[in-house]
Amino acid sequence: MFSEGGIVMVAGILLGLAVIGGSVYYVNKMFADNTQEILVRFILLIFTALVALFIVDKVIAWQVRLITDEQNSQLFDLIKTLVLMIFSYYFGTKEGVETNGDKNKK
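Residues numbered from 1 in each chain as written. Predicted model: local features only at pLDDT ≥ 70, side-chain atom pairs only at ≥ 80, totals over all residues. Heavy atoms only, no water.

Student: Can you help me understand the overall build of the protein in this one?
Tutor: Per the secondary structure count, the protein includes 3 helices and 0 strands. From first element to last, N terminus to C terminus, the protein shows the α and β order α-α-α. Counting contacts in the protein only where the partners sit at least 6 residues apart, residues at least 24 apart contribute 55% of the total. Element-wise, carbon and sulfur atoms account for 67% of the exposed surface of the protein, whose accessible area totals about 8300 Å². (Helix = DSSP H or I, 4+ residues; strand = E, 2+ residues; numbered from the N terminus. Contact = heavy atoms within 4.5 Å. Areas by Shrake-Rupley, 256 points an atom, 1.4 Å probe, with all protein chains shown as cover.)

Student: Sorry if this is basic, but what is going on with the side chain of asparagine 72 here?
Tutor: Looking at the element boundaries, asparagine 72 is found in helix H3 (residues 69–99). Residue asparagine 72 is classed as buried on the basis of its relative accessible area, which comes to 13%. Here asparagine 72 is in contact with Phe54, Asp57, Lys58 and Ile67, once residues within four sequence places are set aside. (Buried < 20%, exposed > 50% of the residue type's maximum accessible area, 1.4 Å probe, protein only.)

Student: Explain the nonpolar core here, please?
Tutor: Soluble globular proteins tend to bury their nonpolar side chains together. Residues Phe47, Leu50, Phe54, Ile67, Leu75, Ile79 and Leu82 constitute the largest nonpolar core, which totals 7 residues. Of all the elements in the fold, those that place two or more residues in this core are helix H2 (38–60) and H3. Other than its neighbours up to four places away in sequence, leucine 50 contacts Leu75, Leu78, Ile79 and Leu82. (Core = buried A, V, L, I, M, F, W, Y, C linked by side-chain atoms within 4.5 Å.)

Student: Would you take a moment to explain the packing of aromatic side chains for this structure?
Tutor: Each aromatic ring pair is summarised here by two numbers: the centre-to-centre distance and the angle between the ring planes. Inspection of the entire model under this criterion finds 1 aromatic pair. Their ring planes at 35° and their centres at 5.8 Å tell us that phenylalanine 54 and phenylalanine 76 sit as a pair that is tilted. Of this pair, phenylalanine 54 sits in helix H2 while phenylalanine 76 sits in helix H3, placing them 22 residues apart in sequence. With relative accessibility at 41%, the residue phenylalanine 76 sits in the partly exposed group. (Phe/Tyr/Trp six-rings, centres within 6.5 Å; stacked < 30°, edge-to-face > 60°.)

Student: What am I meant to see in a nonpolar patch on the surface here?
Tutor: Taken together, the side chains of Met9, Val10, Ile13, Leu14, Leu17, Val64 and Leu66 define a hydrophobic patch exposed on the protein surface, amounting to about 660 Å² of accessible area. Within the element layout of this structure, methionine 9 appears in helix H1 (residues 4–31). (Patch = residues over 30% accessible without salt bridge, like charges linked within 9 Å, V, L, I, M, F, W, Y side chains within 5 Å. Salt bridge = Lys/Arg side-chain N within 4 Å of Asp/Glu carboxyl O.)

Student: I tried to follow the side chain of threonine 48 on my own but got confused; where do I start?
Tutor: In this structure, threonine 48 sits in helix H2. With a relative accessible area of 10%, threonine 48 lands in the buried category. When near neighbours in sequence (up to four residues on either side) are disregarded, threonine 48 contacts Ser23, Val24 and Val27.

Student: Explanation requested: the environment of tyrosine 89 in the structure shown.
Tutor: Position of tyrosine 89 relative to the elements: it lies in helix H3. Residues tyrosine 89 and valine 40 lie 49 residues apart in sequence; the distance between their C-alpha atoms is 9.3 Å. Residues in contact with tyrosine 89, not counting those within four places in the same chain, are Glu37 and Val40.

Student: What am I meant to see in the environment of glycine 22 here?
Tutor: For glycine 22, the position within the fold is in helix H1. When the C-alpha positions of glycine 22 and alanine 52 are compared, they lie 9.3 Å apart, and in sequence the two are 30 residues distant.

Put into structure tokens, the structure is as follows:
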């Protein structure tokens, strides 16, 4: 019914979906209690899905082109930007909590 190449391709697709789904589930579980803001949680989940897609494209589907080279470059730039935004948000809010909003405590 299926050729050997077809079975390998289906297994690769299922493995890729499992990696992306597992990553999103893990990050959602990790930040479920810490993050009350729905927008922050949404950004974290989208970021996780994009990073998982990037990893799946590079590791699992090395011979099959999931995304073009231009899309790969744009996705990498987006991931870099999101990492900077997430870290700046995280450390900005952490600093605000530590000083309790008092600028003289720095």
